[in-house]
Amino acid sequence: MANIQQKAEYIGFQILKISFSVLPRPVCLAIGSALGPMIHSLDRKHRKIARANLNIAFGSQSSVEKQREIARASFQHFGRVFAEIIKNRSMKREKIQRLISVEGTEHLERALQEGKGALIFSAHLGNWEMATAWVSQVGKVNVVARPLDNSKIEDELLGIRKKLGAN
């Protein structure tokens, strides 16, 4: 059985889902952008992980304050991405595709024309979840990701990924 924190997270997720279904997309994105820094302040565990990872990546090449700034900005970006995923879950794939901008498609098109096929790898750049809608139009999409800590929200995310075209 889920602990109190997981239940609270799931209730919050459901409230956002219902709210975002009636709010305009720009408002949802603004809420997500505001939630990210709030989570950064409240979630000590993940804030410490982010800062430790930034220290590994940058070490003495950047100041502690710069690394803190990057961590806050990362949480803000994630909040916006999360809001967009929730808002767009009910959108048609065609509308989602109009929101996506992809660079370097000529390389993929060339590989496919030559019959070579292609593997596409992505990191947490832009909205990686929504990109699935675009990629699934040209081939099979498999998502490799660590499951979320909250299994109920993970189940919802898997449903969104499937809707967007992932296996």
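Note that residues are indexed from 1 along each chain, following the sequence as it is written. Where totals are concerned, whole chains, interfaces and linings use all residues; where local detail is concerned, this predicted model gives features only for residues with pLDDT of at least 70, and gives and counts side-chain atom pairs only at 80 or more. Side-chain calculation: all heavy atoms of the structure are included, whereas hydrogens and water are not.

1. Structural notes on the side chain of Glu129
Piece 1. Only DSSP runs of H or I with at least four residues qualify as helices, and only runs of E with at least two residues qualify as strands; both kinds are numbered from the N terminus onward. Tracing the backbone shows Glu129 in the loop between helix 6 (105–113) and helix 7 (131–135).
Piece 2. A distance of 3.5 Å separates polar atoms of two side chains, one belonging to Glu129 and the other to Trp128.
Piece 3. A distance of 2.7 Å separates the side chain of Glu129 from the side chain of Arg161, its partner in a polar contact.
Piece 4. When checking whether two residues touch, look at their non-hydrogen atoms; a contact exists if any pair is within 4.5 Å. With sequence-adjacent residues up to four places away left out, Glu129 is seen in contact with Ile85, Leu157, Arg161 and Leu164. Identification of polar contacts relies on pairs of N or O atoms within 3.5 Å, with a donor-acceptor requirement for protein atoms, meaning one able to donate a hydrogen and the other able to accept it, and with residues adjacent in sequence counted only if both atoms are side-chain atoms.

2. Concerning the environment of Leu148
Piece 1. Here Leu148 is to be found in the loop between helix 7 and helix 8 (151–163).
Piece 2. For every residue, the accessible area obtained with a 1.4 Å probe (protein chains only) is divided by the maximum for its type, and the residue is called buried under 20%, exposed over 50%, and partly exposed between those limits. Classification of Leu148 by relative accessible area gives partly exposed; the value is 33%.
Piece 3. Sequence spacing of Leu148 and Glu106 is 42 residues, and the spatial spacing of their C-alpha atoms is 34 Å.
Piece 4. Once residues lying within four places of it in the same chain are set aside, the contact partners of Leu148 are Ile153, Glu154 and Leu157.

3. Points about the pattern of salt bridges
Here the idea is simple: oppositely charged side chains can pair when their charged atoms come close.
Piece 1. The term salt bridge refers to a pairing of a side-chain nitrogen on Lys or Arg with a carboxyl oxygen on Asp or Glu at a separation within 4 Å. Scanning all chains against the criterion turns up 7 salt bridges.
Piece 2. Between Glu156 and Lys17 there is a salt bridge, and its shortest N-O distance comes to 2.8 Å. Here Lys17 lies in helix 1 (residues 4–22) and Glu156 lies in helix 8, a separation of 139 residues in the sequence.
Piece 3. Judged by relative accessible area, which is 15%, Lys17 ranks as buried.
Piece 4. Linking Asp149 and Arg146 is a salt bridge whose minimum nitrogen-to-oxygen distance equals 2.9 Å.
Piece 5. Overall, Arg146 belongs to the exposed group, its relative accessible area being 58%.

4. A closer look at the environment of Leu164
Piece 1. Its place among the elements puts Leu164 in the segment after helix 8.
Piece 2. It is 32 Å that separates the C-alpha atoms of Leu164 and Lys48, two residues lying 116 residues apart in sequence.
Piece 3. The contacts of Leu164, once residues within four sequence positions are left out, are Arg93, Ile96, Glu129, Met130, Thr132, Ala133 and Ser136.

5. A few points about the packing of aromatic side chains
In this description, an aromatic ring pair is defined by two values, namely the gap between the centres and the angle between the planes.
Piece 1. Here the aromatic set is Phe, Tyr and Trp, taking the six-membered ring for Trp, and pairing holds for ring centres within 6.5 Å; pairs whose planes are under 30 degrees apart are stacked, those over 60 apart are edge-to-face, and all others are tilted. Evaluated as defined, the whole model comprises 3 aromatic pairs.
Piece 2. Note on Phe13 and Phe82: the rings are 5.9 Å apart at their centroids and 50° apart in plane angle, and the pair reads as tilted. Residue Phe13 is located in helix 1, and its partner Phe82 is located in helix 4 (residues 64–88); the two are separated by 69 residues in the primary sequence.
Piece 3. Phe13 sits in the buried class, given a relative accessible area of 4%.
Piece 4. Between Phe78 and Trp128, the aromatic rings sit 6.3 Å apart at their centres with planes inclined by 20°, giving stacked as the arrangement. Linking Phe78 in helix 4 with Trp128 in the loop between helix 6 and helix 7, this pair joins segments that are 50 residues apart in sequence.
Piece 5. On the basis of relative accessible area, Trp128 is assigned to the buried category, the value being 17%.
Piece 6. Ring pairs connect the aromatic residues Phe13, Phe78, Phe82 and Trp128, which therefore count as one cluster.
Piece 7. Distance and angle both matter: a charge sits over a ring if NZ of Lys or CZ of Arg is within 6 Å of the ring centre and within 35 degrees of the ring normal. Across the ring face of Tyr10, the terminal group of Lys152 is positioned such that the distance to the ring centre comes to 5.4 Å.

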